[in-house]
Structure formats: structure tokens, C-alpha cells
Amino acid sequence: MKSVTKAYRPISWPMLGAGGDTGSWRTHRPVVDTQICTKCQICWVYCPEAVIDRKEITIDYRYCKGCGVCAVECPTGAISMEKEE
Amino acid sequence: MTTSIKKLPDIELVLSGNGACGGCPATMALRIVGKALGPNAIMLLTPSCSVASMGMTPKLGYNWPCINITFATAGSSSSGITHAVEIMKEKGRLQGELPTVFAWVGDGGTYDIGFQALSAAAERNDNFIFFCYNNEAYSNTGVQRSGATPRGAFTTTTPTGKRQPKKNMAQLMLEHNIPYVATATVAYPGDLYDKVVKAKNTPGMKYIEILAPCYLGWQFDMPDTVQMSRMAVRSGAWLLWEAENGKISFNNPSSLIINGKKGAAPVDEYVMKQGRFNRLLKSPDAASRIAEIQGDINRTIDFMRERAKITI
Amino acid sequence: MKAAQVIMETGTKAAALAVKSARVDVVPGYPITPQTSIMEAIAAMVENGELNARFIPVEGEHSVLAAAVAASATGARVFTATSANGLLYMHEVLHMASGGRLPVVMCNVNRGIFAPWTLWADHQDSFAQRDTGWIQYHCSSNQEVFNTILQAFRVAEQINIPVMVNFDGFAISHCLMPLTIPPQEDIDRFLPPHEPEWRLDPAHPSSFSNVTMAAEYAPFRQMLSDDIMASIPLVKQAAQEYQDITGMWDGDTIDTYRLEDAEVVAFAVNSMAAELRLSVDILREQGVKAGLLRPRLYLPFPTEDIIDALPQNAQVMVLDRNYNFGHPGGILASELKSVLYGRRNDITVKNRVIGIGGIDLTRRFMADEIRAMMDE
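Residues numbered from 1 in each chain as written. Chains lettered and ligands numbered in written order. Predicted model: local features only at pLDDT ≥ 70, side-chain atom pairs only at ≥ 80, totals over all residues.

Caption draft 1: Layout of the overall build of chain B. For chain B, the helix and strand inventory stands at 13 helices and nine strands. Its C-alpha radius of gyration of 19 Å places chain B within 12% of the 20 Å reference for a compact globule of 312 residues. For chain B, the spread of C-alpha atoms along the principal axes amounts to about 65 × 45 × 40 Å. When each of the 312 residues of chain B is scored for burial, the buried share is 61%. (Helix = DSSP H or I, 4+ residues; strand = E, 2+ residues; numbered from the N terminus. Rg over C-alpha atoms; globule rule 2.2 N^0.38 Å. Buried ≥ 20, exposed ≤ 12 C-beta atoms within 10 Å, placed from the backbone.)

Set out below in C-alpha cells:
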């Protein structure tokens, strides 16, 4: 099969940031306290945006929308929501 | 045993930076579905939040082949896809393993406008998974009532709270005699994952309904999405169950409620936390209307407990 | 070389046999009179192994076309059929098929529209779908139905636009006529396997029909409009090559009879146009220089071929089996007048609406109608 398609058909292609740099939507940013974090991955599993690295528990702020679900669900209180400048 | 969080696969089929609202429970659920289905799948959507948020032409926020199709036809269109891949495989025009065909549809596209096509696809037992992500309203068009909206809830078309109870949709699907029916919700990702894996490995028609508490529609604080999902289950307002070949089993913690080992939490706390019930709580007949909501929940629990005893 | 097979068959069976000859992959179907026997014949052929395809017994016409569209997007060759209210019920999905550029081929067995209830033929159903972006053929014999379905698949798959093949309920659908089935290897030569350049494919994930902003939406619609017009040479080429391979000819965008020196031209589609050939003969015997111009294509409207074919100063008698509500007369007459205006001012167009709801249209009756119209 030819992998290209003619532009006459309404086709879309997978990409990161299909909705733009959605990090700009944030009013608050989740910040992980690595001293408290047990790397249980609960934040990772509930993140709707797939922006949390499950091993390092680091957050991709380019796309994190700042919903705060991770902070509520974190069992050790290691994630705090800090107001964006 | 439910698959633990750490055992869930790494693969992400929902791509970061899509157009969904922050905290979107549909996206949250779809991520887990992706981990269970993997990339060899074809996704079908009808107009809903997920279509509005998946990226605009020519951008796509999911890593599956997807088709957006007419609102009423998720059931029949999915049948078209699954028959097409099967015959093309038979004729040697498709190589490799057959892809999983799945529909990803909101409650409006399931309970209301899509019900006829869904019912017929189930009766034909066509080979695909129908997911209903249920946020209990037409959230995409600004929160109007659907057949999934519970009694008492405010929507823009039920300004004094809905007067009728919701349908028991998963149970209606069960009565189509399909090989697998399950309910799930975002607070229990391992449970959802296991159910999707089971569905993927079952030939024929599968129906999985995922309660997706929408903070905009339900009017609670965005970070509490998972909390709300958990409260729905603990109050018995949402029951976690699955039926393999018609035999119902309840999943924790709903099984404890059904078995009477643990009482359901009174619905009050769950209702109080949602702005969509506010007007009702402020009305003079608040007590009786909350009693109605509790009555609907109790009735469904009693009904499902008895229904599960029928295994023939 | 294998010889062609000649049998006696109905129009609906001719359609089903064309579907078999086209090696279709998926056929979603739903019964509606007078189309039903196409679906019955296909279901039987799938069941007994004559046709290696999937028949999906869907629960209504809206779902039929949705299943067809989805199967087509998956890369399958797809056929379905309907009539009258079934076609109207599909209306939303007709747009999905054309806007999505999916080469579905569908037969519409023409039938009058409810209300009041009728079972018999007129052309309100297909003409009411004028603005859905489908290519529309109208056929006047069982053989033409068979031939046109094969040509339709070729055109549809070349230009990625769905094609509707229309023919009349009962007069064609249920009447036995001789039918020539060309050898399968000839048909395979005419209609190669369907190899779409895009499909739903997990190895190359892409999405079909996401939300589109105006800046992208408008060019898609413009390209659809342009490509529908650009299908005319493909329609002609398909007819020509089909003739080269099978020896059969039904016309290309138009079909004509005794037209060259005609002063009075009957203009109509479908089975009544077959009968009109005999009316033309009657009129000629009566000393009227009559001829026939039958558009095979209703969409795209074969403007240039009609303008070229009409003799100088002809009176064109448009016999419409439909109403153009809000205008006097029928739809074909309006279409014809709009293309002649400013280009063939020598032509006079007269119009009658006849044969509504299946009223029988005999050669004698239509010859008399045309004579009466000459005096108006």
C-alpha cells in the first residue's frame, strides 16, 4: 500500500501536541517533592495527558494542563500545585 | 487478581497535548484502554468530546487509525469495519494479526441516538468492542440531558433537575446475549485494564461502559475527577460488574455492597459534592428528591443482585 | 476465449450478478420494496459460496450506508442497494460517503416517496439526492444495470467518489429480460482489484474526518465539486473500454436514438426512455421527425454532450417522472433549461410531469403526449 494520501480526503496524522502546547492552559503547575515521592506510579496511571514519566516521576510541562488530579491522588502528598507566574 | 499499576504496559496510544479538557476522565480511561488493546486496533468515534478533542485536521492526538462517523451509527459502522478486515484477511489482502475493532462513544451516542445501531450489532454478535464513556450528559454540546443523566441532575435542558431515572444500559446490553459485558470507571484502572484485555480476547460483540465523571458537567473541582469516580462506586451509584457469557460477577468494591458485607455510603455526600444537584438541594422538596435518588440506587443494587442469580 | 453467457433475468438479479462479477467484498443490506430481491440474491450467493464476500444484515438504511462507508474506509470494495424512503433515510450518510471520498457503489431502485404510500416507480427519490455529491447513473434496461454497475465501480475507484446506479422499480427490477454475462476474465480485465491509496491501517495510523477549520474545509468541498465534474471523461472512458472488451454499449454520459435530424426530441431517463424509442418510431411513422436524448448520467449533468447532440432549432419535450416543487413541472426540465440558457437559444424546451407513482407509460401514450406538446 502506498503510505501517502492525496489531500482531497480529510485525513489527520498522529502527533504530540495535536491540541497545541497545552501546557499554556495551566494556572497551577504540579511540582514533585522527590524526597517524599515513593514512585508508586499512582500519579502516572491517573494522568489523563500521559505527561508523567513513570520511572523518574518527572512531568512534561510542555503539555501538562495542570488539572491537579495527580496532586489529589498522590498518597504521600509529594505533589503540590504551585501557582503559575 | 486485578493487574497492579506497576504491571500496566508502558505503551501510550493517547498522545500528550491533545485537545481534551484538563482532568478529562474520557482521556484518562482511553489511556488505560490503549494499554490493554495495543496499537493493532482500529478506532471508531461518533460526535462527542473525544472527537472534539482528538485534534483538528490534519492533526491527530491518538496513535490508532481512527474514523469519525455519523452520530447514530457507531454500532453498524463498527460492523462494517470488522467485516471488512475479516474478509480482506480471508482473501489475503491483509497480513498479520487481525486488528481489534473498537468504538469509542459517549453516552448520547450509546443510550440515545446510537441505541438502535448498537442493539442490532449486538444481536448480530459482530466482532468488536463497544466502549461507552459515560459522563451522564451531552457534555460536548454544553451539558444537555441524555438517557444516562441520573434523576435530579441539572443540565441545560433539565433546569430544575431531571425527573426520570437513567437507563440501566449495561444490563440492556447483557440481555442481548453477547459474550462479554462490563462496567468500569476511572478510579479503578487495573479493573478497567483487565476487562479490556478480556474483551480483546473474546470473539464476538463486547460492551464496556466506563463512568467518566466530568467536572464541567457535574460541577465539581477539576482535581477531584478520580475522587468523584470512587465516590460513585462507594455510594453504589455506579456498580462494577462483568458478565462472561451471561454470568454476572461483581468486582471490588461493588461486590461488597452487593453481598451486603459493606453498606453503600449514603448518596448524600456524593450528591452534595456535585454542583449539578445544587438546585435540587436548595428546593423546598429537597429531602424527598434526594430520597428518590437514593431509591433509584437501591433499586438498581437490588435488581442486579437478583439478576446475577439467573445464570441459565 | 470463453463465450459470454446469455440468460433470462430480472433487473434486481442482474444487479446481484454484477456485484458477483465485480468481486465485491462487503455488502450491508436492508430490505425495502422493490430493491429487496437484490439483497436476497446477494445473501444467497454469499451463503452458497458463489460470492466470497460478507453480507451484513443491518437494522436500517441509515446504518446500511454507515456500515458501507466504514467498510470502504477499511479498504474493501463495497456495494449496497436501496429504494425511495430507504434512500431518504440514508441522506446524512450520503454526504459522509462523498465528503469522505469513499468509492461505494449503490443501486437505487426508483420508487415514489411516502406520503401518501406508493410502491411504484417515479424519480423523486434519486433526484432528491442531487446535492449529496454522488455521481448518478440512470439505466433503462436490465443489461444496462449490469453493465453500469461494473462501470460505476471503475469510475468510483478512479476518482474516489461514490456512485449511485438508478433504475425503475418493477418495470426493470422485476421484469425478465435477456441478460448477457461476459466471461469473468474479461470483467477482471475491465475492473482491476480495488487498491485504495489510503485506508484505516494500524501499520500507518491516520484519522478520517476530524473536525476541520474553514481554511481546510472549503478546499475539500471545492475539490469534491471539481472532481465530480472531472468524472465525465472517466465515465466516457469506462463506457468505451467496456464496449471494447465486452462488445456492449448503452451510451456513455448520454444515449441517443434517431436524433441527428430530429425536430422533436424526447428527453427522459430510465425505463420510460426505453419505451420512448418506440414512441419515436410511432411519431416518425406519423411524419414527425422525432428523436430521443436520454441522459445516462444525471450527475454530473452531461451539459456539453447534450449541447453538442441537440439538433438545430429542436423542440425538446422533457418528460419528468418527478416534481420540482415550487416550480412548474419537473426537475430534469429545470436542469436542462439552466444549461441551455445563453448557449443554445435556438432550442425550445417543453415539459410534462407524467408517470408519477408508477402510472403506466406506454409507447402510444407518450407519443400522443409529445404530439399534444407540439401544439402548445
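Let us keep going from here.
Caption draft 2: Spatial organisation of the overall build of chain C. Helix and strand counts for chain C stand at 13 helices and 15 strands. Its C-alpha radius of gyration of 20 Å places chain C within 12% of the 21 Å reference for a compact globule of 376 residues. Here the C-alpha coordinates of chain C stretch approximately 65 × 55 × 45 Å along the principal axes. Across the 376 residues in chain C, those meeting the buried criterion constitute 56%. For chain C, restricting intrachain contacts to residue pairs at least 6 apart in sequence, the fraction spanning at least 24 positions comes to 79%. (Contact = placed C-beta atoms within 7 Å.)

Caption draft 3: How the structure looks around the interface of chain B and chain C. Taken together, the contact pairs 38 residues of chain B with 38 residues of chain C. Elements with a minimum of two residues in the side of chain B that touches chain C: strand S1 (41–45), helix H2 (49–53), strand S3 (66–68), helix H3 (74–90) and helix H5 (115–124) of chain B. Partitioning the side of chain B that touches chain C into residue classes produces 23 nonpolar, 13 polar and two charged. As paired elements, S3(B) and strand S9 (residues 207–208) of chain C share two bridges and run parallel to each other. Across the sheet, B:Ile67 pairs through a bridge with C:Phe208, a residue of S9(C). (Nonpolar A, V, L, I, M, F, W, Y, C, P; charged D, E, K, R; others polar. Pairing = 2+ DSSP bridges.)

Caption draft 4: Structural context of the sheet that holds strand S10 (residues 254–257) of chain C. Residues and elements named next belong to chain C. Pairing is mixed across the open sheet formed by five strands, whose spatial order is S10-S12-S11-S14-S15. Sheet topology places S10 and strand S15 (348–353) at the edges, where each strand pairs with a single neighbour. Neighbouring strand axes in the sheet, compared pairwise and without regard to direction, differ in orientation by 20 degrees on average. Note that strand S11 (residues 264–267) and strand S12 (residues 290–295) share four bridges and pair parallel. (Axes fitted to C-alpha atoms, helices over the stretch in contact; angles between N-to-C directions.)

Caption draft 5: Here's a closer look at the interface of chain A and chain B. Listed per partner, the contact involves 32 residues of chain A and 33 residues of chain B. Residues of the side of chain A that touches chain B, tallied by class, amount to 19 nonpolar, eight polar and five charged. Judged from the two bridges that link them, strand S1 (residues 11–14) of chain A and strand S2 (residues 59–60) of chain B form a sheet pairing that is parallel. When the sheet's bridge partners are listed, A:Trp13 is paired in S2(B) with B:Lys59.

Caption draft 6: A look at the sheet that holds strand S13 (residues 297–299) of chain C. Residue and element names in this part refer to chain C. The strand order across the open sheet built from five strands is S4-S5-S7-S6-S13, with neighbouring strands paired in mixed fashion. Each end of this open sheet is capped by a strand with a single partner; those strands are strand S4 (79–82) and S13. Across this sheet, the average inter-strand angle for adjacent strands is 25 degrees, counted without regard to direction. Strand direction decides the pairing type here: S4 and strand S5 (residues 105–110), joined by four bridges, are parallel. The partner of Phe79 across the bridge, within S5, is Val105. Seen against the sheet, helix H7 (residues 142–159) touches S5, strand S6 (135–138) and strand S7 (163–168) and runs at an angle of roughly 165 degrees to S7.

Caption draft 7: Examining helix H9 (residues 214–246) of chain C more closely. Residue and element names in this part refer to chain C. With 33 residues, H9 extends 46 Å between its outermost C-alpha atoms, agreeing within 8% with the 48 Å of an ideal straight helix rising 1.5 Å per residue. Of all bends in H9, the biggest is about 30 degrees, found at Ile232, and the proline Pro233 comes one to four residues later. Buried within H9 are the following residues: Ser231, Ile232, Val235, Ala238, Ala239 and Tyr242. One or two positions beyond H9, positive phi appears at Gly247, with a value near 80 degrees. (Expected span 1.5 Å × (residues − 1). Bend = angle between axes of the 7 residues up to and from the residue.)

Caption draft 8: Structural view of the nonpolar core. By size, the foremost hydrophobic cluster in this structure holds 247 residues, and its most contacted members are B:Phe131, C:Val69, C:Ile149 and C:Val265. Ranked by the residues each element gives to this core, the list is headed by helix H3 (residues 61–73) of chain C, at nine residues. A domain split of this core shows at least three residues from each of domain 1 (5–246) and domain 2 (254–374) of chain C. Non-local contacts of C:Val69, meaning those with residues more than four positions away in its chain, are made with B:Ile69, B:Ser77, C:Val93, C:Met96, C:Ala97, C:Gly100, C:Leu102 and C:Val104. (Core = buried A, V, L, I, M, F, W, Y, C linked by C-beta atoms within 7 Å. Domains from an automatic or database assignment.)

Caption draft 9: Broad picture of the environment of C:Gly99. Residues and elements named next belong to chain C. Tracing the chain through its elements places Gly99 in helix H5 (residues 91–99). Taking the C-alpha atoms as reference, Gly99 lies 8.9 Å from Ser209; in sequence the two are 110 residues apart. Sequence-distant contacts of Gly99, defined by excluding residues within four places in its chain, comprise Gly133 and Leu224.

Geometric values such as these leave the question of function open.
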